[in-house]
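# Topology and contacts: notes
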Amino acid sequence: MRFLAILLGVFCTLCSYSQNESRFVKFGKITEADLQQKKYSIDTNANAVVLSDIGSGSIEGNTKGWFSIVLRRHKVVHILNKKGYGEADIEIPLYTNGDDEERLESVKATTYNLENGKIVETKLDKSSVLKEKVNKNKNIRKFTMPNIKEGCIIEYEYRINSDYISTLDPWLFQSRTAPQIWSEYEFSVPQFFTYNFLSRGYHGFHISDRKDRVASFAVRDNSGTGQTQDYRFSSGVTDYRWVMKDVPELKEENFTSSVKNHISRIEFQLAYQSSPLQPRSYRSTWEELANNLLESEGFGKNLSANNNWLSDEIKPVYASVSNNLERARKIFYYVRDNFTSTGASGHIYMDQPLKTVWKNKKGSVSEINLLLTAMLRYAGLRSDPVLVSTRGNGYAVDYSPMTSSFNYVVAEFSDNGKYYYLDASDPQLGFNRLNFECYNGHARVINEEAPAINLMADSLKEAKTTLIIITNKPDGKWVGTMTQTPGYYESYHIREKVKEKGQETFFKEVEKDFGNDIKIIDPKIDSLKNYETPIGIKYTVEVNPGDGDIIYINPVFGEGYKKNLFSAAERYYPVEMPYTMDETIVVTMEVPTGYEIDEMPKQMLAKFDEEGNSFFEYRISHSSNVISFRTRIKLARAFFMPEEYESLREFFNLVVSKHNEQIVLKKKK
């Protein structure tokens, strides 16, 4: 009978998830059958599975003469093994403006274990809930669930009261650490408020519903010195409900700008208020945002000021130059080479005045590039700051003017209708060069017009050329020259490696990639300190092909692809490469003395698109005693939708397969 009860429990569990309501709506409904479950069909290798995650938000009148939002969350997670223990560390973010903080009003949490056939409940001690300050606008309450063991189920719920009704945190239907069987959010909105909802991600709703009703609201204003005033009225209310089922864990793959761009979620933003309230729009424009920034002491207030403290040191930098472009170059080089960056601060504002940055010769990325903007303006040049959201920060969207979407500032300089983008915080970036992390789509120039610009990865053309020439030596070995010009961003990374480890270590690593039969002699790097252009790499190679009856030679000589860049069998979100690619390897080599060609790879040309803009080329031929080889991979785009992933993966499977093919040489008889 006990077995039958467990089986019936499992059956009921499965049935409940096929209906329109989670079985875990009420707290404490964990069964023995739930704890007996070892694997879930959504992901048989999961370390933990979210059985149910239900959130809600409802707007209520408060005692401050306005409205608050009450946020609730109830979550149930099955922790299947030790790798899933991280699900037991709970953090609850609370926004604060320094004077008023969102209030955590209640927390309830229990861990369930199955011991000797019985369910053992361990409740959270309220004193275990700790407070931590993250920054001036964010605190967190955190706790770790008690008595965590493999196979346990954790359940917790909490309630937050917030006065910040204009912008809510998004509800995430998807997790980066566990698949979710049921994820639900309900939002009750009175008719005198209008919110915009934005759904993101690549999973559809199981339920997307709304129902209308009438509710009473009570608002008390006791904030003044006079008599307390009470306001009571009725209003229509719309209850929105969104549900997703069986949402897989969002696993981070290669070539992803930020996973948070692709998590399935819904975002909320207050747009309007209407009768019986005083009608008002909460929508801002980019022009308003830009003007507020330009008036802000922490951003643009001093960009166009007299700034005469710059005079003595900066005027000699450009005094001998009358051309605007060359003047801008001189100022950029001066800031880049004389100021030290303390790193990106994670926000766009200055933490110290421009004059202090100037005096100390160091500052954050935003501070240095705002100073650069001020210096360009002081020299009579046209320059504005530009707000950027880096790849790691996620996309900024053009329809929602918010400074919080951006985390980086660069400078724009314009001359004769041409625009240049400058980042003087990085000592290894050239004039009109930005780190590829900045090429993440929407960016915004901060001036009176506040124009949008698109910094797209597709606009970055990264080209690499490798030329190898191999000839015979009298002793039977090969000797050759290798000349290589990497793309600008590969050159950037090589400069960083050389700066950190030195050239000798760098070339030892290059030699190691070639294999034991190749020795590098007299290596050189050109343009190492010229940050405007890619570097040049040159060295001599000595190759020992051996003296066996059969010799196998890979014509790419360690420069090709050994494994696929895209290993995952499936991908649910786009491929976001940092730039386009165009890589060419050209090899000319003599057949070793005493040998002849027995077998060579076949030539081929594979087009990725019908137009032939992206392709893989593999050409090989021989004439007399010389083998000529050329391979080229060109991807004219950096962004590929999920439905293109299988084709992209197969394209690189072909590249890897061909780059690992061998030329077979045999001894002459």
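The structure presented is a predicted model; accordingly, all values stated were derived computationally and were not measured. (Residues numbered from 1 in each chain as written. Predicted model: local features only at pLDDT ≥ 70, side-chain atom pairs only at ≥ 80, totals over all residues. Heavy atoms only, no water.)

Looking only at helices and strands, the protein features 10 helices and 35 strands. For the C-alpha atoms alone, the extent of the protein along its principal axes is close to 100 × 85 × 45 Å. A total of 669 residues make up the protein; the buried ones form 48% of that total. Carbon and sulfur atoms make up 47% of the accessible area of the protein, which totals about 33200 Å². With 85 positive and 89 negative side-chain charges, the protein shows a separation of 2 Å between the mean positions of the two kinds. (Helix = DSSP H or I, 4+ residues; strand = E, 2+ residues; numbered from the N terminus. Buried < 20%, exposed > 50% of the residue type's maximum accessible area, 1.4 Å probe, protein only. Areas by Shrake-Rupley, 256 points an atom, 1.4 Å probe, with all protein chains shown as cover. Lys, Arg positive; Asp, Glu negative; His and termini not counted. Charge placed at Lys NZ, Arg CZ, Asp CG, Glu CD.)

Turning our eyes to something else, we now look at helix α10 (residues 645-659). With 15 residues, α10 extends 21 Å between its outermost C-alpha atoms, agreeing within 8% with the 21 Å of an ideal straight helix rising 1.5 Å per residue. Restricting attention to buried positions, one finds in α10 the residues Tyr-645, Leu-648, Phe-651, Phe-652, Val-655, Val-656, Lys-658 and His-659. In this fold, the buried residues of α10 make contact with β28 (575-576), β29 (580-590), β31 (604-607), β32 (615-623), β33 (626-635) and β34 (639-640). (Expected span 1.5 Å × (residues − 1). Contact = heavy atoms within 4.5 Å.)

With that settled, consider the packing of helix α5 (residues 324-338) against helix α7 (residues 365-378). Two elements in contact, α5 and α7, have axes whose closest approach is 10 Å; the angle formed by their N-to-C orientations is 150°. On the basis of the axis angle, α5 is roughly antiparallel to α7. The two elements α5 and α7 meet at a crossing, and its hand is right-handed. Within the contact between the two elements, α5 uses Ala-328, Ile-331, Phe-332, Tyr-334 and Val-335 and α7 uses Ile-368, Leu-372, Met-375 and Leu-376. Residue composition of the contact of α5 with α7, grouped by class: nine nonpolar, no polar and no charged. (Axes fitted to C-alpha atoms, helices over the stretch in contact; angles between N-to-C directions. Parallel < 35°, antiparallel > 145°, perpendicular 65-115°, else oblique. Left-handed = near helix turned anticlockwise from the far one by under 90°. Nonpolar A, V, L, I, M, F, W, Y, C, P; charged D, E, K, R; others polar.)

Time to look at the sheet that holds strand β4 (residues 103-115). Pairing is mixed in the open sheet, where eight strands are placed in the order β5-β4-β8-β2-β1-β10-β13-β12. The open sheet has two free edges, formed respectively by β5 (118-123) and β12 (207-221), since each of these has just one partner strand. Shown here is a sheet whose adjacent strand axes are inclined to one another by a mean of 15°, direction ignored. Both β4 and strand β8 (residues 153-162) contribute to a ladder of nine bridges, which runs antiparallel. Following the sheet pairing, Tyr-112 is matched in β8 by Ile-153. (Pairing = 2+ DSSP bridges.)

Applying the stated criterion across every chain yields a total of 48 aromatic pairs. Ring geometry for Tyr-156 and Tyr-158: centres 6.5 Å apart, planes at 5°, overall stacked. Its relative accessible area of 11% is what places Tyr-158 among the buried residues. Geometrically, the ring pair formed by Phe-566 and Tyr-645 is edge-to-face, given 6.1 Å between the ring centres and 90° between the ring planes. Placement of Phe-566 in the loop between β27 (550-553) and β28 and of Tyr-645 in helix α10 is noted, with a sequence separation of 79 residues between them. On the basis of relative accessible area, Phe-566 is assigned to the buried category, the value being 2%. (Phe/Tyr/Trp six-rings, centres within 6.5 Å; stacked < 30°, edge-to-face > 60°.)

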